[in-house]
Amino acid sequence: MAIFLTGSTGYIGAHVAASLLDSHGASLNVLVRGKDTQEAALRLWNGIQLHMDFPRFYEYLQTRIRIFPGDLTSPQFGLNRDDYDRLIHTTDSVIHCAASLNRKSEKSCLNVNLRGTLEVLQLARRSHYYHGLRRFSNVSTVAVAGKRSNEVVTEDRSIDWNRSDYDPYARTKKFCEHMVRELLPDVPITIFRPSIVLGDSRFPETTQFDMVRAFVFLASLKALPFRPNDKIDIVNVDFVADAIATLHQKAEPKYDTYHLSSGRDSQTFREVTTALAAAQQKRGPVFLPVFEKPFSSVVNSLANRSGSLAHGAALMKVFMPYLVWNTVFDNTRVTAELGRKPVPFSQYSSGLLNFSRDSNFTYNYKPWPAASAGGSAA
Ligand SMILES: NC(=O)c1ccc[n+]([C@@H]2O[C@H](COP(=O)([O-])OP(=O)(O)OC[C@H]3O[C@@H](n4cnc5c(N)ncnc54)[C@H](OP(=O)(O)O)[C@@H]3O)[C@@H](O)[C@H]2O)c1
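Conventions adopted
- Residues numbered from 1 in each chain as written.
- Predicted model: local features only at pLDDT ≥ 70, side-chain atom pairs only at ≥ 80, totals over all residues.
- Heavy atoms only, no water.
- Helix = DSSP H or I, 4+ residues; strand = E, 2+ residues; numbered from the N terminus.
- Rg over C-alpha atoms; globule rule 2.2 N^0.38 Å.
- Contact = heavy atoms within 4.5 Å.
- Areas by Shrake-Rupley, 256 points an atom, 1.4 Å probe, with all protein chains shown as cover.
- Lys, Arg positive; Asp, Glu negative; His and termini not counted.
- Charge placed at Lys NZ, Arg CZ, Asp CG, Glu CD.
- Polar contact = N/O pair within 3.5 Å; in protein donor to acceptor, adjacent residues only side chain to side chain.
- Buried < 20%, exposed > 50% of the residue type's maximum accessible area, 1.4 Å probe, protein only.
- Core = buried A, V, L, I, M, F, W, Y, C linked by side-chain atoms within 4.5 Å.
- Near = heavy atom within 4 Å.
- Nonpolar A, V, L, I, M, F, W, Y, C, P; charged D, E, K, R; others polar.
- Pairing = 2+ DSSP bridges.
- Axes fitted to C-alpha atoms, helices over the stretch in contact; angles between N-to-C directions.

### Quick notes on the overall build of the protein chain
Looking only at helices and strands, one finds 13 helices and 15 strands in the protein chain. For the protein chain, the C-alpha radius of gyration of 21 Å lies close to 21 Å, the compact-globule estimate for 378 residues. For the C-alpha atoms alone, the extent of the protein chain along its principal axes is close to 60 × 50 × 40 Å. Sequence-distant contacts in the protein chain: of pairs separated by 6 or more residues, those separated by 24 or more amount to 82%. Carbon and sulfur atoms make up 49% of the accessible area of the protein chain, which amounts to about 16500 Å² in all. When the 44 positive and 36 negative side-chain charges of the protein chain are each reduced to one mean point, those points stand 6 Å apart.

Below is the structure:
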């Protein structure tokens, strides 16, 4: 039997897959987009190569990873009947990590997050019907808390149906949590809500550059329209992935919902930008909070141009609401249960930013070695 993991080619999902394989001896059924198993295996290798060399990956592929080439937005993931049945009957728990993070697209969030999650829930219900499901873990986001200002939000006070959401992403992820709870009433459920996931505290390499670009953009500015002592809740991906894998595998986690965040230990803008400036051997910015509105206008107009500054500005525009809400997410539950805290961003940010700038925000993927065939098919 295996854990059905979605989103294993993504930034967090690949970290979770590596942790489950390396540290928990788990077997995985992975849903990966691709026209066939071979293409899906290559995409999985791209995602996971930050964590292991090819021989180890290949060994796992032969013994503990079963690839189901499919898409969340297709009925029964687009699998043929035999493969779908095999998925039902070999899945004993689910970690649903895949999502569309496209905050600008209602359509993409509707299709991937809502229709896709419903499809994963149908699979879970079928597996539960035939042989019982040990656990369903849903990777959500702190953004489900909606519009906030100057708060420390606890898990139980996060969802408020009378509150407006920032964007389609937050709105659809909020409803995903609701669907999970409503449609799996007799399955143990764990909801994970990461905050801003940025970088691995163990090494500078990354395959995901969106937030890094936004931060490099910020670091390039001499004046910032933020209040210097506002906090920003950033968490390292290795902490997030370890928490998801460990709590999913635990027989009885204490709670059904966890913020995977830095909480009250979150750093202030001044602390973060001082570290970023030091990494670039520049002076830190001055803070001019009264310019928040004009800054947003400049970002909006820069975002419509071309070039890397424009790309940074476009990302900035999307993340801006999350940067000015001065809200952090209480992490007492997860830190007590894991017995440790996330690593402060300022301790590892310089490596991450240097790597990202030096590589021009691209990851140089190692190819699939010519001599090896594709992976274990569904
Ligand atoms: N990154 C953050 O700061 C952050 C913060 C809070 C919560 N989260 C949550 O963490 C989870 C993972 O995020 P991430 O940052 O790792 O995102 P990511 O790197 O964009 O990965 C998204 C994953 O979802 C998969 N996916 C998207 N559409 C799909 C579809 N139609 N069918 C099958 N798979 C599909 C992607 O597959 P492809 O490789 O085929 O595109 C990829 O594996 C999400 O649930 C997100 O809401 C992230």
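### Things to note about the environment of Trp-325
Locating Trp-325 in the fold gives a position in the loop between helix 11 (308–323) and strand 15 (328–329). Along the chain, Trp-325 and Gln-38 lie 287 residues apart, while their C-alpha atoms are 44 Å from each other. Excluding residues that lie within four positions of it along the chain, Trp-325 makes contacts with Val-142, Gly-146, Arg-148, Ser-149, Asn-150 and Tyr-166. Here Tyr-322 takes part through its backbone oxygen, which lies 2.9 Å from a polar atom of the side chain of Trp-325.

### So, unusual backbone geometry
The backbone phi angle of Asn-150 is positive, close to 55°, even though this residue is not glycine. By relative accessible area, Asn-150 is classed as partly exposed at 47%. At Asn-360, a residue that is not glycine, the phi angle is positive and equals roughly 55°. Within the element layout of this structure, Asn-360 appears in the segment after helix 13 (345–358).

### Re the nonpolar core
Formed by 44 residues in total, the largest nonpolar core has its most connected members in Ile-12, Leu-28, Phe-57, Ile-65 and Ile-244. Among the elements that line this core, the one with the most residues is helix 8 (residues 237–249), at eight residues. When sequence neighbours within four positions are dropped, the list of residues in contact with Ile-244 reads Ile-12, Val-16, Ile-95, Val-139, Phe-192 and Leu-260.

### Some words on the side chain of Gln-267
Here Gln-267 lies in strand 13 (residues 267–268). With relative accessibility at 12%, the residue Gln-267 sits in the buried group. A distance of 2.8 Å separates a polar atom in the side chain of Gln-267 from a polar atom in the side chain of Ser-346. Discounting residues that sit within four places of it in the chain, Gln-267 has contacts with Asp-230, Lys-231, Ile-232, Val-272, Pro-344, Phe-345 and Ser-346.

### Considerations on the site of the ligand
Neighbouring the ligand are 24 residues; Thr-9, Ile-12, Arg-33, Tyr-169 and Lys-173 lie closest to it. Within the contact set of the ligand, an oxygen atom lies 2.6 Å away from a side-chain nitrogen or oxygen of Thr-9. Here an oxygen atom of the ligand and a backbone polar atom of Ile-12 are 2.8 Å apart. For the ligand, whose accessible area on its own is 900 Å², the fraction buried by protein is 87%. Within the residue set of the shell around the ligand, elements represented by two or more residues are helix 1 (11–24) and helix 6 (168–183). Residues belonging to the shell around the ligand are distributed by class as follows: twelve nonpolar, eight polar and four charged.

### Description of the sheet that holds strand 2 (residues 28–32)
One open sheet accounts for seven strands, arranged 3-2-1-4-5-7-12; its pairing is parallel. Every other strand in the sheet has two partners, leaving strand 3 (65–69) and strand 12 (257–260) as the edge strands with one partner each. Adjacent strand axes in the sheet meet at a mean angle of 20° when their direction is disregarded. Where strand 1 (residues 2–6) lies against strand 2, four bridges are found, and the strand directions are parallel. Looking at strand 2, one finds that Phe-4 is bridged to Asn-29. Its contacts with the sheet place helix 5 (residues 106–131) against strand 1, strand 4 (91–96) and strand 5 (136–139), and it is angled at close to 160° to strand 4.

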